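Spelled out from the first residue to the last, the chains are:
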Amino acid sequence: MTSSKQNELIGFIPLAGKGMRMRPITTTLPKALIEIHCKSLLERAIDALKTIGIKKIIVVAGYMEEKVSGFIDTKDFNIQIELVSQKEQLGLSHAIFTSIEHLTSDFVLLCPDSLCTNLDDFYRARNAFNEYSPAALQTVTLAPTTQEGRLIYHSNNFINIAPNLFSNGLKNTDSTNFAMYSTGLVFISKNSLSYLTSLSDFKSDIGFSSFLSTLKDKMPFMLYLMRG
């Protein structure tokens, strides 16, 4: 990993959605401003990105945008934050497309409701992305989920190239096969964005899953299995 690569990495926090799964709390409050132990999800996401050396963060707001904007204005996060407005809440791919002129280099997408309990995981994932330079590095867990839009990867379609690190393009000869579930923490190369707008469904909730699936099938793609 080079220091220049680390410094170029941009943070990307999408929080334009209405947080329907967290009603009635989100009827009057954006999901990102919900507090856990006296700290909002947005603050926790910003702090996590700062700990891995991020110098610039793009925050995409939509639902109750004025509350998000006001919250950011009243805090001194000691980091460059650019607020982008997503007028239509059409999912993650559309949020990226809306911010594309701000994404001048590789970036790490962190959904604020994805809480990383072991920041060593975050460091290892970042270092693997910097070292191997895949089109994308998706962090995954072994915890099953029924949440809509979560991708499921199977270990027999990847090769385990380092501790907790898997790569596509090679078949696993190990007879063991287990499922790994996507999280809201993904490292994405700027070059891979050319595939985004080529998808007919990028302006939909399933667009981001289609985007990642396309990258997995066409370009170097990696998984990092989270410990925490």
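Model, not experiment: these values are computed from the prediction.

Student: How would you summarise the overall build of the chain if you had to cite specific residues and measurements?
Tutor: Within the chain, the secondary structure is distributed over six helices and 12 strands. Burial statistics for the chain: of 228 residues in total, 50% are counted as buried. Once local pairs closer than 6 in sequence are excluded, the contacts in the chain between residues at least 24 apart make up 75%. Roughly 10,900 Å² of accessible area belongs to the chain as shown, and the carbon and sulfur atoms make up 50% of that amount.

Student: Kindly report on the nonpolar core, identifying the contributing residues and their values.
Tutor: Among the nonpolar cores identified, the biggest contains 33 residues, and Ile13, Leu42, Phe122, Leu137 and Phe187 are the most heavily contacted of them. Of all the secondary structure elements, the ones that give two or more residues to this core are helix H2 (41-51), strand S4 (56-61), helix H3 (65-73), strand S6 (107-110), helix H5 (119-132), strand S11 (179-188) and strand S12 (221-225). Dropping the residues within four chain positions of it, leucine 137 is found in contact with Ala125, Ala128, Phe129, Leu165, Leu185, Val186, Phe187, Met222 and Tyr224. With 31 residues, the next largest nonpolar core counts Met180, Val186, Leu196 and Leu225 among its residues.

Student: Pulling in residues and values, what's your account of unusual backbone geometry?
Tutor: With a phi close to 50°, histidine 37 is a non-glycine residue in the positive phi region. With respect to the secondary-structure elements, histidine 37 resides in the loop between strand S2 (35-36) and strand S3 (39-40). The exposure class assigned to histidine 37 is exposed, which follows from its relative accessible area of 74%. We note that cysteine 38 has phi near 70°; this positive angle belongs to a residue other than glycine. Within the fold, cysteine 38 resides in the loop between S2 and S3.

Student: Which residues make up the packing of H2 against H5, and what values go with them?
Tutor: Look at H2 against H5: their axes get within 10 Å of each other, and the N-to-C directions meet at 55°. By the angle between their axes, H2 is oblique relative to H5. Note on packing geometry: the crossing formed by H2 with H5 is right-handed. Note on element contacts: H5 touches H2 through Leu119, Phe122 and Tyr123, opposite Ala48, Leu49 and Thr51. Of the residues belonging to the contact of H2 with H5, the class tally is five nonpolar, one polar and no charged.

Student: Got a sec to walk through the packing of aromatic side chains? Specific residues and values, please.
Tutor: Scanning all chains against the criterion turns up seven aromatic pairs. A ring pair is formed by phenylalanine 122 and phenylalanine 187, whose centres lie 6.1 Å apart and whose planes are at 75°; its orientation type is edge-to-face. One end of the pair, phenylalanine 122, is in helix H5; the other, phenylalanine 187, is in strand S11, with 65 residues separating them in the sequence. For the pair formed by phenylalanine 122 and phenylalanine 187, the shared burial category is buried. Ring centres of tyrosine 153 and phenylalanine 221 lie 5.9 Å apart, and the angle between their planes is 35°; this geometry places the pair in the tilted category.

Calculation notes
Residues numbered from 1 in each chain as written. Predicted model: local features only at pLDDT ≥ 70, side-chain atom pairs only at ≥ 80, totals over all residues. Heavy atoms only, no water. Helix = DSSP H or I, 4+ residues; strand = E, 2+ residues; numbered from the N terminus. Buried < 20%, exposed > 50% of the residue type's maximum accessible area, 1.4 Å probe, protein only. Contact = heavy atoms within 4.5 Å. Areas by Shrake-Rupley, 256 points an atom, 1.4 Å probe, with all protein chains shown as cover. Core = buried A, V, L, I, M, F, W, Y, C linked by side-chain atoms within 4.5 Å. Axes fitted to C-alpha atoms, helices over the stretch in contact; angles between N-to-C directions. Parallel < 35°, antiparallel > 145°, perpendicular 65-115°, else oblique. Left-handed = near helix turned anticlockwise from the far one by under 90°. Nonpolar A, V, L, I, M, F, W, Y, C, P; charged D, E, K, R; others polar. Phe/Tyr/Trp six-rings, centres within 6.5 Å; stacked < 30°, edge-to-face > 60°.

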